Amino acid sequence: MDKLSDQLSKLADRTKKVEDTAAAAGAKNRAQLETTKTSLKASLDAVGTKTDDAKARAQGRLSDVHDSVEKHFAERRAANAEHKAERDLKRAERRADDAEQDAADAIALVLYVLDQAEYAVVDAVLARADADDLAAQSGTSG
């Protein structure tokens, strides 16, 4: 498992990439968007089984995902509060490992959702460009 700081750096890098894609969409740089879309599709396909759990959660309705994630972390916070007074090193290590894994899972989910969001932005801009092209063709030939 990567360190949380490494995962957060990856998250920051991915967020910057989504910002760059949105900027290309704003500039209507069709060639760059087509390239990005192809790259994102390959990346999403490659993720496959590694993020099956994240995919399953992300495919539900947003409120269901939010409720599920919120419930999970609320339970973890409650369990941590309940065990805060314990001084047993092995138990504390297990709780720390569990908390780190929870954070890593949340980051993996965010990265997957960012990929999906970026893909949706690119797809929407390309669909709008196609519609605009068709409208322009209709206007000139009609």
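Residues numbered from 1 in each chain as written. Predicted model: local features only at pLDDT ≥ 70, side-chain atom pairs only at ≥ 80, totals over all residues. Heavy atoms only, no water.

## Points about helix 1 (residues 4-26)
Between its first and last C-alpha atoms helix 1 spans 33 Å; for 23 residues at 1.5 Å apiece the expected length is 33 Å, and the two agree. When we look at burial in helix 1, the residues that qualify are Gln 7, Leu 11, Arg 14, Val 18, Thr 21, Ala 24 and Ala 25. Phi turns positive, to about 55°, at Lys 28, one or two residues after helix 1. (Helix = DSSP H or I, 4+ residues; strand = E, 2+ residues; numbered from the N terminus. Expected span 1.5 Å × (residues − 1). Buried < 20%, exposed > 50% of the residue type's maximum accessible area, 1.4 Å probe, protein only.)

## Comments concerning the nonpolar core
Among the nonpolar cores identified, the biggest contains 7 residues, and these are Ala 24, Ala 25, Leu 33, Leu 40, Val 122, Val 125 and Leu 126. Mapped by element, the contributors of at least two residues to this core are helix 1, helix 2 (30-47) and helix 5 (89-141). The element best represented in this core is helix 5, accounting for 3 residues. Setting aside anything within four residues of it in sequence, one finds Ala 24 in contact with Asn 29, Gln 32 and Leu 33. Core analysis: the second largest hydrophobic core is formed by 5 residues, Leu 11, Val 18, Ile 107 and Leu 114 among them. (Core = buried A, V, L, I, M, F, W, Y, C linked by side-chain atoms within 4.5 Å. Contact = heavy atoms within 4.5 Å.)

## Structural notes on the pattern of salt bridges
A full pass over the atoms with the stated rule returns 6 salt bridges. The shortest N-O distance in the salt bridge between Asp 20 and Lys 16 comes to 3.0 Å. Taken as a pair, Asp 20 and Lys 16 lie in helix 1 at a separation of 4 residues, close to a single helical turn. Judged by relative accessible area, Asp 20 falls into the partly exposed class, the value being 37%. Between Arg 77 and Glu 70 there is a salt bridge, and its shortest N-O distance comes to 3.1 Å. Taken together, the salt bridges that share partners define one network made up of Arg 14, Asp 115 and Glu 118. (Salt bridge = Lys/Arg side-chain N within 4 Å of Asp/Glu carboxyl O.)

## Overview of a negative patch on the surface
Taken together, Glu 93, Asp 97, Asp 98 and Glu 100 make up a surface patch of like negative charges. Tracing the sequence through the fold places Glu 100 in helix 5. Exposure remark for Glu 100: the relative accessible area of 35% places this residue in the partly exposed category. (Patch = residues over 30% accessible without salt bridge, like charges linked within 9 Å, V, L, I, M, F, W, Y side chains within 5 Å. Areas by Shrake-Rupley, 256 points an atom, 1.4 Å probe, with all protein chains shown as cover. Lys, Arg positive; Asp, Glu negative; His and termini not counted. Charge placed at Lys NZ, Arg CZ, Asp CG, Glu CD.)

## Here's the deal with the layout of surface pockets
Quantified by volume, the second largest pocket comes out at close to 160 Å³. Taken together, Ala 25, Lys 28, Asn 29, Arg 30, Leu 33, Val 125, Leu 126, Arg 128, Ala 129, Asp 132 and Asp 133 form the lining of the second largest pocket. Counting residues per element, the ones that place at least two in the lining of the second largest pocket are helix 2 and helix 5. If one sorts the elements of the lining of the second largest pocket by residue count, helix 5 sits on top with 6 residues. Across the lining of the second largest pocket, the residue classes break down as 5 nonpolar, 1 polar and 5 charged. (1 Å grid on protein atoms, 1.4 Å probe; cavity = no way out; pocket = protein on both sides within 12 Å on 5 of 7 lines; lining within 4 Å. Points joined across faces, edges and corners; volume = space filled by probe spheres on them. Nonpolar A, V, L, I, M, F, W, Y, C, P; charged D, E, K, R; others polar.)

## Concerning the packing of helix 1 against helix 2
Helix 2 packs onto helix 1 with a crossing angle of 145° between their chain directions and a minimal axis gap of 9 Å. The chirality of how helix 1 crosses helix 2 is left-handed. Here Arg 14, Lys 17, Thr 21, Ala 24 and Ala 25 of helix 1 lie close against helix 2, whose contacting residues are Gln 32, Leu 33, Thr 36 and Leu 40. For the contact of helix 1 with helix 2, a count of residues per class yields 4 nonpolar, 3 polar and 2 charged. (Axes fitted to C-alpha atoms, helices over the stretch in contact; angles between N-to-C directions. Left-handed = near helix turned anticlockwise from the far one by under 90°.)

Geometry only, nothing functional implied.
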